[in-house]
Amino acid sequence: MKFLSIEESNSQELESLLDLAAEMKSTRGTTSNQPLAGQTWAIIFTKASTRTRVSFEVGIRELGGNVMFLSGNDIQLGRGEPIKDTARVLGRMVHGAVIRTFDQEDVEDFSSYSGIPTINALTDKEHPCQILADLLTIQEKLGTWEGKKVVFIGDGNNNMSRSWMWAAKYLGFEFVVAAPKSCLPPQDFIDHLDAPNVALITDPAAAAKNADVINTDVWLSMGQEGQDEKEALFGDYQVNDDLLSHCSPNHIVLHCLPAYRGKEISEETLEAHANTIFQQAENRLHVQKAVLATLVE
Ligand code: CP
Ligand code: NVA
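Per-chain numbering applies: the sequence of each chain, read as written, is numbered from 1 onward. To label them, take the chains in the order written and letter them from A, then take the ligands in the order written and number them from 1. Reporting in this predicted model follows two pLDDT cut-offs: at least 70 for local features of residues, and 80 or more for side-chain atom pairs to be given and counted; totals over whole chains, interfaces and linings ignore these cut-offs and use all residues. Calculation of side-chain values draws on the structure's entire complement of heavy atoms; hydrogens and water are dropped beforehand.

Chemist: Describe the overall build of the protein, with residues and values.
Modeler: Comment: elements are numbered from the N terminus, with helices defined as DSSP H or I runs of at least four residues and strands as E runs of at least two. Secondary structure summary: the protein contains twelve helices and ten strands in total. Taking 2.2 N^0.38 as the reference for a compact globule, 297 residues should give roughly 19 Å; the C-alpha atoms of the protein span a radius of gyration of 19 Å, in line with that estimate. Expressed as a percentage of the 297 residues in the protein, the buried residues total 55%. For accessible areas, the Shrake-Rupley method is used with a probe of radius 1.4 Å. Any residue's cover is judged against the shown protein chains and nothing else. Accessible surface, the protein as shown: approximately 12,800 Å² in total, 46% of it carbon and sulfur. Once the 25 positive and 42 negative side-chain charges of the protein are each reduced to a mean point, those two points are 4 Å apart. For the radius of gyration, the atom set is restricted to C-alpha positions; the globular benchmark scales as 2.2 Å times the number of residues to the power 0.38. The cut-offs for exposure are 20% and 50% of the maximum accessible area for each residue type, with area from a 1.4 Å probe on protein chains only; residues under the lower value are buried, those over the upper are exposed, and the others partly exposed. By the counting rule applied here, Lys and Arg register as positive and Asp and Glu as negative, while His and the ends of each chain are not counted. Charge placement uses NZ in Lys and CZ in Arg. For Asp and Glu, CG and CD serve respectively.

Chemist: Go over the site of ligand 1 with me, naming the residues and quoting the values.
Modeler: Residues are labelled near a given molecule or strand when at least one of their non-hydrogen atoms is within 4 Å of it. The local shell around ligand 1 consists of Ser-49, Thr-50, Arg-51, Thr-52, Arg-100, His-127, Gln-130, Cys-256, Leu-257 and Arg-284. Polar contacts here mean pairs of N or O atoms no more than 3.5 Å apart (in protein, one a potential hydrogen donor and the other a potential acceptor; neighbouring residues in sequence count only if both atoms are side-chain atoms). Measuring from an oxygen atom of ligand 1, one finds a side-chain N or O atom of Arg-100 at 2.8 Å. Leu-257 is positioned with one of its backbone polar atoms (N or O) 2.9 Å from a nitrogen atom of ligand 1. In the complex, the protein chains occlude 96% of the 260 Å² of accessible area that ligand 1 would expose alone. Grouping the constituent residues of the shell around ligand 1 by class yields two nonpolar, five polar and three charged. Classification convention: Asp, Glu, Lys, Arg as charged; Ala, Val, Leu, Ile, Met, Phe, Trp, Tyr, Cys, Pro as nonpolar; all other residues, Gly among them, as polar.

Chemist: Which residues make up the pairing of strand β2 (residues 40-45), and what values do they have?
Modeler: Burial of β2 is extensive: five of the six residues sit out of reach of the surface. With six bridges connecting them, β2 and strand β3 (residues 66-71) associate as parallel partners. Note that in β3 the partner of Ile-44 across the bridge is Leu-70. The β-α-β motif built from β2, the intervening helix α2 (residues 51-62) and the parallel element β3 has right-handed crossover chirality. Only when DSSP finds a minimum of two bridges between them are two strands counted as paired. Every crossover in which the path from the first strand over the helix to the second runs clockwise, viewed with the strands pointing away from the viewer, is termed right-handed.

Chemist: Summarise the packing of α2 against helix α12 (residues 274-295); cite the residues concerned and give the values.
Modeler: Under this scheme, a helix contributes an axis fitted over its contacting stretch, all axes are lines through C-alpha atoms, and angles between N-to-C directions fall in the 0 to 180 degree range. Running from N to C, α2 and α12 point in directions that differ by 45°, and their axes come no closer than 9 Å. When the interaxial angle is binned, α2 and α12 end up oblique. Considering only the axes of α2 and α12, their crossing is right-handed. Judged by residue contacts, Arg-51, Thr-52, Ser-55, Phe-56, Val-58, Gly-59, Ile-60 and Glu-62 of α2 engage Ala-281, Arg-284, Leu-285, Gln-288, Lys-289 and Leu-292 from α12. Any angle that is under 35 degrees is reported as roughly parallel, and any over 145 degrees as roughly antiparallel; angles of 65 to 115 degrees are reported as roughly perpendicular and all others as oblique. Left-handed describes a crossing in which the near helix is turned anticlockwise from the far one by less than a right angle; the clockwise case is right-handed. Throughout, a residue-residue contact means that at least one pair of heavy atoms, one from each residue, lies within 4.5 Å.

Chemist: Residues and numbers for α12, please.
Modeler: Residue count minus one, scaled by 1.5 Å, sets the expected span of a helix. The terminal C-alpha atoms of α12 lie 32 Å apart, and with 22 residues this matches the ideal 32 Å at 1.5 Å per residue to within 8%. Across the 22 residues of α12, 18 count as buried, placing the element largely inside the fold.

Chemist: I'd love a proper account of the sheet that holds strand β5 (residues 118-120), names of residues and values included.
Modeler: With parallel pairing, five strands are arranged side by side in an open sheet as β1-β5-β4-β2-β3. The open sheet terminates on both sides in strands that have one partner only, identified here as β1 (2-3) and β3. With two bridges connecting them, β1 and β5 associate as parallel partners. Within β5, the position partnered with Phe-3 by the bridge is Ile-119.

Chemist: Would you mind going over the site of ligand 2 in detail, with residue names and values included?
Modeler: Around ligand 2, the neighbouring residues are Leu-122, His-127, Asn-158, Asn-159, Asp-217, Val-218, Ser-221, Met-222 and Leu-257. Ser-221 is positioned with one of its side-chain polar atoms (N or O) 2.8 Å from a nitrogen atom of ligand 2. Contact with the protein chains removes 95% of the 270 Å² of surface that ligand 2 exposes when unbound.

Chemist: A description of the pattern of salt bridges should follow, citing residues and the corresponding values.
Modeler: Any carboxyl oxygen of Asp or Glu that lies within 4 Å of a side-chain nitrogen of Lys or Arg is treated as forming a salt bridge with it. Here the structure, examined in full by the defined rule, presents twelve salt bridges. Residue Glu-57 pairs with Arg-53 through a salt bridge whose shortest N-O separation is 2.9 Å. Here the residue Glu-57 and the residue Arg-53 both occupy positions in helix α2, the gap between them amounting to four residues, near one helical turn. Judged by its relative accessible area of 14%, Glu-57 is buried. Among the ionic contacts, a cluster of salt bridges with common partners joins Arg-28, Glu-62 and Lys-289.

Chemist: I'd like a description of the side chain of Thr-269, backed by residues and values.
Modeler: Tracing the sequence through the fold places Thr-269 in helix α11 (residues 267-272). Thr-269 sits in the buried class, given a relative accessible area of 0%. In this structure the side chain of Thr-269 is engaged in a polar contact, spanning 3.1 Å, whose partner is the side chain of Asp-241. Apart from residues lying up to four places away in sequence, Thr-269 is in contact with Val-239, Asn-240, Asp-241 and Leu-244.

Chemist: Describe the nonpolar core, and please don't skip the residues or the numbers.
Modeler: Among the buried residues, those of types Ala, Val, Leu, Ile, Met, Phe, Trp, Tyr and Cys that are joined through side-chain atoms within 4.5 Å form a nonpolar core. One finds Trp-164, Phe-173, Phe-175 and Ile-214 to be the most contacted residues of the largest nonpolar core, which totals 78 residues. Contact partners of Phe-175, with chain neighbours within four places excluded, come to Val-150, Phe-152, Ser-161, Trp-164, Met-165, Ala-168, Asn-197, Val-198 and Ala-199. Membership of the second largest hydrophobic core comes to 15 residues, among which are Ile-44, Ile-83, Ala-87 and Leu-90.

Shown next as structure tokens:
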């Protein structure tokens, strides 16, 4: 009934979602299977979005459902109505909800108070749908994540890095986070994660050594705009040709987008790997259709 984090997932769930996503991708437009027929879903976002909003709107419609987009600023939530009241109202009217917001607690509260299927479309803590798309892209490009070295360069304590660390724990691949010291995940998170296959370092070149996958993300996540002192820490952490010279010859580069060229990734590197990066963006649609179909089973 809910897909709120990779932390709360497990290897079996991740693998079956990815199998279904691959099948849905290959049969797109040729199947009459509409598991959301007769349903109306709400998409409630209090942060900006291009990929997530469009892929969920298209995905819900392709699965036979109706969809309404509710901007946090336009509904009473933006004027202070509690999430638990919003949830109890919508839970009586719509069949499921996709939520993008700041606090993980808000998606959890929405899920429990509404009683309807709820999907986390990004919080400050996790971005689980993005990680599914990234894993599908690795499967498509490299065949498997087994035995691969996957590296995250950037803000090691952000939603992407945290979701990736849980995926690495459950799926068992080597995962290295390279970030400035103050942007590595704190010790209590690492203790809680308890994953010997996850390493944290501050040296991006050492992290990139023999890497199969280099993954990056914005240095300042939504809500952190204007934190110039934080941004200044990342000068040595750009994904560019120099950094990629340390990788395995068949490496791929992932970026969840939007990208800030000249900051976390160079223009040349993004364009050289555009084929993979935009395939990764497209995969949002396929993995989220798998999540939607699975939640209403
Ligand atoms: N990657 C991602 O979530 O993109 P949007 O912010 O455009 O939805
Ligand atoms: N870490 C980024 C991801 C954007 C898709 C953010 O939260 O803004």
